[in-house]
Amino acid sequence: MADPMRIRAQMAGDKATVRVLMSHEMETGQRRDAAGKVVPAWFIQEVSASHNGKAVLTAQWGPSIAKNPFLQFSVKGAKTGDKITVNWTDNKGDKRTDEATVT
């Protein structure tokens, strides 16, 4: 399983700013190794986020996203103590879910 995501959710006025750092190799499938063999594609395909169980973000990603991707978004109506949950699924079926509390 992948390393945990680093999630920070901070209040800024009437909305929470959520910053997520994901740990993933994100191979495009076009690079070759030292022996000249193509390194198989391995990338995050879907990212979703929820605020207290209600979906607030869904994104479809492809192989062009950078290694260890960073994502930032805002959630209107959030309050201190609310839960933000972030999920991702990659093209090999690996999944990761982590959550943070709004501060």
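Described below are features of the structure shown in this document. Please read these numbers as outputs of a predicted model, since none were measured by experiment.

With that settled, the discussion passes to the sheet that holds strand S5 (residues 70–76). Strands sit in the order S1-S2-S5 across an open sheet of three strands; the sheet is antiparallel. Strands with a single pairing partner mark the edges of an open sheet, and in this sheet they are strand S1 (6–12) and S5. Ignoring strand direction, the axes of neighbouring strands in this sheet form an average angle of 15°. As defined by bridge partners, S1 adjoins strand S2 (residues 15–21) across seven bridges and the pair is classed as antiparallel. Paired with Ala12 across the strands is Lys15, a residue of S2.

Further remarks concern the environment of Glu27. Position of Glu27 among the secondary structure elements: in the loop between S2 and strand S3 (44–51). Through-space distance from the C-alpha of Glu27 to that of Ser64 is 8.6 Å; in sequence the pair is 37 residues apart. Filtering out sequence-adjacent residues up to four positions away, Glu27 remains in contact with Val39, Pro40, Ala41, Trp42, Phe43 and Pro63. A polar contact of 2.7 Å, which involves the side chain of Glu27, links it to the side chain of Arg31.

Phi at Met26 takes a positive value of approximately 55°, unusual for a residue other than glycine. Within the secondary structure layout, Met26 lies in the loop between S2 and S3. Given a relative accessible area of 6%, Met26 falls into the buried group. One non-glycine residue, Asn68, adopts positive backbone phi at about 50°.

Before going further, it helps to examine the pairing of strand S4 (residues 54–60). Strand direction decides the pairing type here: S3 and S4, joined by six bridges, are antiparallel. Bridging across to S4, Ser50 finds its partner in Ala55. Linking S3 back to S4 in an antiparallel pair, the connection comprises two residues, with Asn52 at a positive phi of about 50°.

In this section: the pattern of salt bridges. Enumeration over the complete set of coordinates arrives at three salt bridges. Lys67 serves as the salt-bridge partner of Glu25, at 3.4 Å between the closest nitrogen and oxygen. On the criterion of sequence distance, the pair formed by Glu25 in the loop between S2 and S3 and Lys67 in the loop between S4 and S5 is long-range, its members being 42 residues apart. By relative accessible area, Glu25 is classed as partly exposed at 35%. The partner of Asp98 in a salt bridge is Arg96, and the shortest N-O contact between them spans 2.9 Å. Take Asp98 and Arg96: they sit in the same class, and that class is buried.

What counts, and where the lines are drawn
- Residues numbered from 1 in each chain as written.
- Predicted model: local features only at pLDDT ≥ 70, side-chain atom pairs only at ≥ 80, totals over all residues.
- Heavy atoms only, no water.
- Pairing = 2+ DSSP bridges.
- Helix = DSSP H or I, 4+ residues; strand = E, 2+ residues; numbered from the N terminus.
- Axes fitted to C-alpha atoms, helices over the stretch in contact; angles between N-to-C directions.
- Contact = heavy atoms within 4.5 Å.
- Polar contact = N/O pair within 3.5 Å; in protein donor to acceptor, adjacent residues only side chain to side chain.
- Buried < 20%, exposed > 50% of the residue type's maximum accessible area, 1.4 Å probe, protein only.
- Salt bridge = Lys/Arg side-chain N within 4 Å of Asp/Glu carboxyl O.

Interpretation note: all reported values are geometric properties and have no functional meaning in isolation.
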